[in-house]
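Working through the structure, step by step
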Amino acid sequence: MVLGGFLAYPIYQLGLISVFHYTQAQVSGGEPTTFEGFGNYSALFSDGQFWEVLLATVVFAAACVVSTLAVGCALAVLLTRVRAVPRLALMLAALGAWATPAITGSTVWLFLFDADFGPVNRVLGLGDHSWTYGRFSAFFLVLLEVVWCSFPFVMVTVYAGIRAVPAEVLEAAALDGASQWRIWRSVLAPMLRPILVVVTIQSVIWDFKVFTQIYVMTGGGGIAGQNLVLNVYAYQKAFASSQYSLGAAIGVVMLLILLAVTLVYLRLLRRQGEEL
Amino acid sequence: MKLSVRMVAVAAVLATAACAPQTSGNSSSDKDEKTGTLRVWLFQEVNNKPKEEVVDSVLAEFETAHEGTDVTVEYIPVETRAQRIKAAFNDPKSAPDLVEYGNTDTAGYVKDGGLADVTEEFAAWDEAKDTDPTARQSVTVGGKIYGVPYFVGVRALYYRTDVFEELGLDVPKTQAELISTAKEIRAAKPELYGIAVGGAYTYGAMPFIWAHGGELATGTGGSYAAAIDSAAARKGIEAYTSLFGDDNCPAAKCAAMTGNDTITAFAAGKAAMAIGGDFSHAAVEAGKVKGAYAVVPLPGLKPGSIAPAFAGGNNLGVLRSTTHRTLAVDLMKRLASKKAQGELFEAMGFLPTFSDVRQQVAAKEAFVKPFVETLAADTKFVPASPAWAQIDAGQVLPTMFQEVVSGKKDVATASADAAKKMNDAFGSVG
């Protein structure tokens, strides 16, 4: 009941605000609040920029999820194959990345790729190439940071899962002459399915809601807003322009999309005959 | 579980659509305590130390004059001022009593119901009679006064005397000369920007639009219509955006720059010219180029003319929610007094809002001359509409300039899109 209250009340408020005309003047009591019905939603859906940002968010989040899972799983397998000392070193490095606050990580990555002072340009001999100017290179830079700060979760979780797999199974597969990839594909992945489901859903939710990295690294959405994602767009509408009701409507749309993605994903898994 | 949450949420929204979301009880407070802590928010400037010293000396006097009071000052970053001040309006309990705010925000903050009406106190203030009329205008909304002017600001052209001498260049007398001189310098010295410009530097770009006879918006009596897509305004946008490119200020770097960034570049010796305010003087003096630069009014189209400048500046205002109204008003008057403004000018180069004090300092300090000249020529203001806060915060004009300089849209399309966004904003505030 308490849990329900904690979950439902903020969502209820979000939904409520999204059907009113609710800007700064209403919040601070300068003007009365008026009921708008679905006016905010129709304004949102008729805004071309919203669809553009939605598409960019979906593609960007998908790229982040795939990259994070690939890097995390590969390193988890690697962890099981190396000796104690390098394993400890890799673990510590990953935990360091994980523990770094997003805003610090973003600032450091931005500095590494800085046009004038960044070491990356110096090492690669790129002169004063600006990584944040082009749309794709800016997204790519943010993707690197997102993967960097979220792969440790995948790696640690999957590593724990692999350790729980009986050693005999892996030994038998190795004796049968299976390659590393083959072992992953046919033995580990099916056995780790519940863990992989959890980390995938986690990553989808995280990466769809990415905010700090985009906000810090592209200066609030990039040149002429080319690197906006939904969360930053909602922030722009809700706080920078103080159209709270429009921001709330974006929030509700995001919530529905994420719930839909999660439900579809779970349904697909069920249909394949696997119980979670 | 997840499904049920959604159902509950949807059901709840539908069931209770008739009741309104919360609004803050930000009515004017009836309390007027004579002791306790006053909280003040001032802006964090590029080189803030001298400002802090001036403020500290005023506070010391204030705390001596009012026993049992304590003042805490917080310097807030200019970039996030909008969020901070709105948060203060929403939550009167953690709000400051006195804030510094940009004079373009006055109309918006008044509509939000955040600022206290101090018309009576202002009229009773003996120093107020010398406040210059444009500064007084910037605290006035609907005939009532919502604060006191803290300083006025106007921009002019900073240029490097050593670079101009070395290349044998004359100081540009027209806008066309300005553009060609910038490109000449860049060609001769590729390590410098000819003139540092920024895609997010709206107030540096406006003189170009105004010089061509364009306007941001036209209208009177609170209702405005965007004019940024008029033929004259477009010529100005074209002139300004022609400065972005490898032949002056590469778009890859300059598109994202703000006004502060261009001044930082100039102060660090990376630009031969920049459009800077009188308020940038201290930051430039603290940089590498100290002693090797001069300032002239930004040229207009005809030789010898001055491009209309944006009459900026900041005000101080008491929040409606303050529980120390009398004290806060007194502190406001002390911070913006003739004496404190004179000291602030000496520390930061911020121009006083009192005509007589301004004349005194102009006689003492030669560097003020181009700015006072610019103020004496045509100055302009942004639309005095609450929608301006929304247009400004929504980055409408920076987006337009960035779209043009990055080649995403041509001037006609970008300015038409910006005009549409501006009209939406004007429409939404009624």
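Above: the structure in question.
Model, not experiment: these values are computed from the prediction. (Residues numbered from 1 in each chain as written. Chains lettered and ligands numbered in written order. Predicted model: local features only at pLDDT ≥ 70, side-chain atom pairs only at ≥ 80, totals over all residues. Heavy atoms only, no water.)

**Considering the overall build of chain A**
- On a plain count of helices and strands, chain A comes out with 14 helices and two strands.
- Taken along the three principal axes of its C-alpha coordinates, chain A extends 75 × 55 × 30 Å.
- Restricting the contact set of chain A to residue pairs at least 6 apart, pairs at least 24 apart contribute 67%.
- Surface exposure of chain A reaches about 13,700 Å², of which carbon and sulfur atoms provide 69%. (Helix = DSSP H or I, 4+ residues; strand = E, 2+ residues; numbered from the N terminus. Contact = heavy atoms within 4.5 Å. Areas by Shrake-Rupley, 256 points an atom, 1.4 Å probe, with all protein chains shown as cover.)

**A few points about the overall build of chain B**
- Secondary structure summary: chain B contains 20 helices and 14 strands in total.
- Against the compact-globule benchmark of 22 Å for 430 residues, chain B has a radius of gyration of 23 Å, which places it among compact chains.
- Considering only C-alpha atoms, chain B reaches an extent of 65 × 60 × 45 Å along its principal axes.
- A total of 430 residues make up chain B; the buried ones form 54% of that total. (Rg over C-alpha atoms; globule rule 2.2 N^0.38 Å. Buried < 20%, exposed > 50% of the residue type's maximum accessible area, 1.4 Å probe, protein only.)

**A look at unusual backbone geometry**
All names here are of chain A.
- Unlike most non-glycine residues, A224 shows phi in positive territory, near 55 degrees.
- Of note, A224 is situated in the loop between α12 (212-217) and α13 (230-240).
- You can call A224 buried: its relative accessible area is 12%.

**Some remarks on the side chain of Q402 of chain B**
- Structurally, Q402 of chain B can be placed in helix α19 (residues 396-405).
- In contact with Q402 of chain B, other than residues within four places in its own chain, are G222, I223 and A224 of chain A together with G199, A200, A255 and A256 of chain B.

**Comments concerning the sheet that holds strand β11 (residues 293-296) of chain B**
All names here are of chain B.
- The strand order across the open sheet built from three strands is β10-β7-β11, with neighbouring strands paired in antiparallel fashion. Of all strands in the sheet, those with a lone pairing partner are β10 (273-277) and β11, marking the two edges. Each strand of the sheet is rotated relative to its neighbour by a mean of 35 degrees, with strand direction disregarded.
- Alignment of strand β7 (residues 155-160) against β10, held across five bridges, turns out to be antiparallel. Residue Y159 lies in a different strand from β10, and its bridge partner there is M273. (Pairing = 2+ DSSP bridges. Axes fitted to C-alpha atoms, helices over the stretch in contact; angles between N-to-C directions.)

**Notes on the environment of G153 of chain B**
Residues and elements named next belong to chain B.
- By secondary structure assignment, the location of G153 is in strand β6 (residues 148-153).
- Separated by 222 residues in sequence, G153 and L375 place their C-alpha atoms 8.9 Å apart.
- Setting aside anything within four residues of it in sequence, one finds G153 in contact with D278, F279, F310, A311, G312 and G313.

**A look at the packing of helix α2 (residues 49-65) of chain B against helix α15 (residues 338-348) of chain B**
Residues and elements named next belong to chain B.
- As a packed pair, α2 and α15 sit with axes 8 Å apart at the nearest point and diverge in direction by 160 degrees. By the angle between their directions, the pair α2 and α15 is classed as roughly antiparallel. Between α2 and α15 lies a crossing whose hand is right-handed. Where α2 approaches α15, its residues P50, K51, V54, S57, V58 and E61 are matched on the opposing element by K339, A340, E343, L344, A347 and M348.
- Class assignment of the residues belonging to the contact of α2 with α15 gives a composition of seven nonpolar, one polar and four charged. (Parallel < 35°, antiparallel > 145°, perpendicular 65-115°, else oblique. Left-handed = near helix turned anticlockwise from the far one by under 90°. Nonpolar A, V, L, I, M, F, W, Y, C, P; charged D, E, K, R; others polar.)

**Quick look at the state of the cysteines**
Residue and element names in this part refer to chain A.
- Scanning the entire structure with this criterion turns up one disulfide over all chains.
- Here C64 stays free of any disulfide, with the sulfur of C149 as its closest cysteine sulfur at 9.2 Å.
- For C73, which is in no disulfide, the shortest distance to another cysteine sulfur is to C64 and amounts to 16 Å.
- With relative accessibility at 10%, the residue C73 sits in the buried group. (Disulfide = S-S within 2.5 Å.)

**A closer look at helix α4 (residues 48-81) of chain A**
- Its 34 residues give α4 of chain A an end-to-end C-alpha distance of 50 Å, which sits within 8% of 50 Å, the value for a rise of 1.5 Å per residue.
- Measuring from the backbone nitrogen of Q49 of chain A back to the side-chain oxygen at the start of α4 of chain A gives 3.0 Å, which picks out D47 of chain A as the cap. (Expected span 1.5 Å × (residues − 1). Polar contact = N/O pair within 3.5 Å; in protein donor to acceptor, adjacent residues only side chain to side chain.)

**Considerations on the packing of aromatic side chains**
Residues and elements named next belong to chain B.
- Counted by the stated rule, this structure contains 31 aromatic pairs over all chains.
- Relative to Y109, the ring of Y101 lies with its centre 5.9 Å away and its plane at 70 degrees, an arrangement referred to as edge-to-face.
- Chaining the aromatic ring pairs together yields one cluster made of Y158, F266, Y293, F345, F367 and F371.
- It is R84 that lies over the ring of W41; its NZ or CZ is 4.7 Å from the centre. (Phe/Tyr/Trp six-rings, centres within 6.5 Å; stacked < 30°, edge-to-face > 60°. Lys NZ or Arg CZ within 6 Å of the ring centre and 35° of its normal.)

**What about the nonpolar core?**
- Of all hydrophobic cores here, the largest spans 135 residues; its most connected members are I228 and M422 of chain B.
- What I228 of chain B contacts, discounting residues up to four positions off in sequence, is I209, E215, L216, A233, R234, I237, L397, M400, S415, A418, A419 and M422 of chain B.
- In this structure, F20, F139, V210 and L230 of chain A belong to the second largest nonpolar core, which totals 46 residues. (Core = buried A, V, L, I, M, F, W, Y, C linked by side-chain atoms within 4.5 Å.)

**Examining the pattern of salt bridges**
All names here are of chain B.
- Enumeration over the complete set of coordinates arrives at 24 salt bridges over all chains.
- The shortest N-O distance in the salt bridge between K129 and D130 comes to 3.6 Å.
- Three or more residues are tied together by salt bridges with common partners; here these are K129, D130, K338 and D356. (Salt bridge = Lys/Arg side-chain N within 4 Å of Asp/Glu carboxyl O.)

**Digging into the pairing of strand β2 (residues 69-77) of chain B**
Residue and element names in this part refer to chain B.
- In the sheet, strand β1 (residues 36-44) pairs with β2 via nine bridges, with the strands oriented parallel. Paired with R39 across the two strands is T72, which belongs to β2.
- Note that the unit made of β1, α2 and β2 has a crossover that is right-handed. (Right-handed = clockwise from strand over helix to strand, strands pointing away.)

**Points about the sheet that holds β1 of chain B**
Residues and elements named next belong to chain B.
- Ordered by their spatial adjacency, five strands build an open sheet running β2-β1-β3-β13-β6, and the pairing between neighbours is mixed. Looking at strand neighbours, the two that pair on one side only are β2 and β6, the edges of this open sheet. On average, each strand axis in the sheet is inclined to that of its neighbour by 20 degrees, with strand direction left out of account.
- When β6 meets strand β13 (residues 312-318), the two strands line up antiparallel, connected through five bridges. Its bridge partner lying in β13, V148 is registered against L316.
- Against the sheet, α2 engages β1, β2, β3 (98-102) and β6, with an angle of about 160 degrees to β2.

**Structural notes on the environment of A178 of chain A**
Residue and element names in this part refer to chain A.
- Mapping A178 onto the fold places it in the loop between α9 (167-175) and α10 (180-191).
- Between the C-alpha atom of A178 and that of E31, which follows or precedes it by 147 residues, the distance is 71 Å.
- Not counting residues up to four positions away in its chain, the partners in contact with A178 are A173 and I183.

**Comments concerning empty space enclosed by the protein**
Residue and element names in this part refer to chain B.
- All chains considered together, the criterion is met by one cavity of 30 Å³ or more.
- Considered as a void within the structure, the largest cavity measures approximately 40 Å³ in volume.
- R155, Y203, P207, L298, A307, P308, A309, F310 and T374 together form the lining of the largest cavity.
- Secondary-structure elements contributing two or more residues to the lining of the largest cavity are α9 (202-211) and β12 (309-310). (1 Å grid on protein atoms, 1.4 Å probe; cavity = no way out; pocket = protein on both sides within 12 Å on 5 of 7 lines; lining within 4 Å. Points joined across faces, edges and corners; volume = space filled by probe spheres on them.)

**A word on the pairing of β3 of chain B**
All names here are of chain B.
- Counting buried residues in β3 gives five out of five residues, a clear majority hidden from the surface.
- Going residue by residue along β3, you find L98, E100 and G102 tucked away on one face and V99 and Y101 tucked away on the opposite face as well.
- Note that β1 and β3 share two bridges and pair parallel. From the neighbouring strand, W41 faces β3, where its bridge partner is V99.
- Both β3 and β13 contribute to a ladder of five bridges, which runs antiparallel. The residue of β13 that forms the bridge with L98 is V318.

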